[in-house]
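Close look at the chain arrangement
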Amino acid sequence: FFKQKTAYEIYQCDWSSDVCSSDLKQFLKQREVSKQHQLTNIWPEVIDHLVSGLYSGLSITEALSELSNRGPELTKNDFKNFNIEIRNGVEFTVAIGNLREKFAHHGSDQIFEALLLSKTLGGGELLNTLRTLGSFQREDLALNKEIAIKHGWIKNSAHISAAAPWVLLLMRSEEHTSELQSH
């Protein structure tokens, strides 16, 4: 069937062709889907780092900045940029907004909204809120994985049931052919 092209094969392609253009679009779409999937999986870890930092006495800003050193690898550069923005005098809400735009993910939106509310209204319940959010996100991940597994089962069953009549037809024709050859 169709072989998925590598980035190098796409790069070597004749860019004037529509086929190559669609290959590039498909490659970029797959890359974005992969990044979104990775982001979905790391937010509980980000929450754990934030809770740990806040519990040890860091401020919200310091805990977020510390994620540039000890957070997940995928987010370190973005939190490093957040840290630079804060040190350069950018307002906290603007810096959080920049992070929100950069990640553009529902998991990060929930975290950042909780942090903004806590920063503006006071953070007496922030640790409990983050812990609860982390457990919700973990449960959501587990549920999504279970759904994906069951979807795979259903999809494979559909493929088998679509192929079954053709396999039977092939087997019957082989039977018929052997009967004719033996007579």
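Please refer to the structure higher up on the page.
Here is a short report on the structure shown in this document. (Residues numbered from 1 in each chain as written. Predicted model: local features only at pLDDT ≥ 70, side-chain atom pairs only at ≥ 80, totals over all residues. Heavy atoms only, no water.)

Quick notes on unusual backbone geometry
Phi angles above zero are rare outside glycine, and Ala104 is one such case at about 45 degrees. Structurally, the position occupied by Ala104 is in the loop between helix 5 (92-103) and helix 6 (106-121). (Helix = DSSP H or I, 4+ residues; strand = E, 2+ residues; numbered from the N terminus.)

Quick notes on the side chain of His105
In this structure, His105 sits in the loop between helix 5 and helix 6. By relative accessible area, His105 is classed as buried at 4%. Setting aside its immediate chain neighbours within four residues, His105 contacts Gln36, Leu39, Thr40 and Trp43. (Buried < 20%, exposed > 50% of the residue type's maximum accessible area, 1.4 Å probe, protein only. Contact = heavy atoms within 4.5 Å.)

Re the side chain of Asp78
Along the chain, the position of Asp78 falls in helix 4 (residues 76-87). In this structure, Asp78 is buried with no salt-bridge partner, the nearest side chain bearing the opposite charge being Lys102 at 4.1 Å. Asp78 has contacts with Leu99, Lys102 and Phe103, leaving out every residue within four places of it along the chain. (Lys, Arg positive; Asp, Glu negative; His and termini not counted. Salt bridge = Lys/Arg side-chain N within 4 Å of Asp/Glu carboxyl O.)

Points about the packing of helix 3 (residues 60-70) against helix 4
In contact at an axis separation of 7 Å, helix 3 and helix 4 are set at 140 degrees when each is read in the N-to-C sense. When the interaxial angle is binned, helix 3 and helix 4 end up oblique. Relative to helix 4, the crossing made by helix 3 is left-handed. Facing helix 3, whose interface residues are Thr61, Leu64, Ser65, Leu67, Ser68, Asn69 and Arg70, helix 4 presents Lys76, Phe79, Lys80, Phe82, Asn83 and Ile86. (Axes fitted to C-alpha atoms, helices over the stretch in contact; angles between N-to-C directions. Parallel < 35°, antiparallel > 145°, perpendicular 65-115°, else oblique. Left-handed = near helix turned anticlockwise from the far one by under 90°.)

Overview of helix 6
Here helix 6 is 16 residues long and its end C-alpha atoms lie 22 Å apart, about the 22 Å a rise of 1.5 Å per residue gives. Gly122, located one to two residues past helix 6, shows a positive phi value of around 105 degrees. (Expected span 1.5 Å × (residues − 1).)

Topic: the nonpolar core
Grouped together as the largest cluster of nonpolar side chains are 26 residues, with contacts concentrated most on Leu50, Leu64, Ile111, Phe112, Leu115 and Leu130. At 8 residues, the largest contribution of residues to this core is made by helix 2 (residues 18-55). What Ile111 contacts, discounting residues up to four positions off in sequence, is Trp43, Val46, Ile47, Leu50, Leu133 and Gln137. (Core = buried A, V, L, I, M, F, W, Y, C linked by side-chain atoms within 4.5 Å.)

Some words on a nonpolar patch on the surface
On the surface, Ile149, Trp153 and Ile154 cluster together into a nonpolar patch covering about 370 Å² of accessible area. Relative to the assigned elements, Ile149 resides in helix 7 (residues 126-182). Residue classification places Ile149 among the partly exposed residues on the basis of a relative accessible area of 48%. (Patch = residues over 30% accessible without salt bridge, like charges linked within 9 Å, V, L, I, M, F, W, Y side chains within 5 Å. Areas by Shrake-Rupley, 256 points an atom, 1.4 Å probe, with all protein chains shown as cover.)

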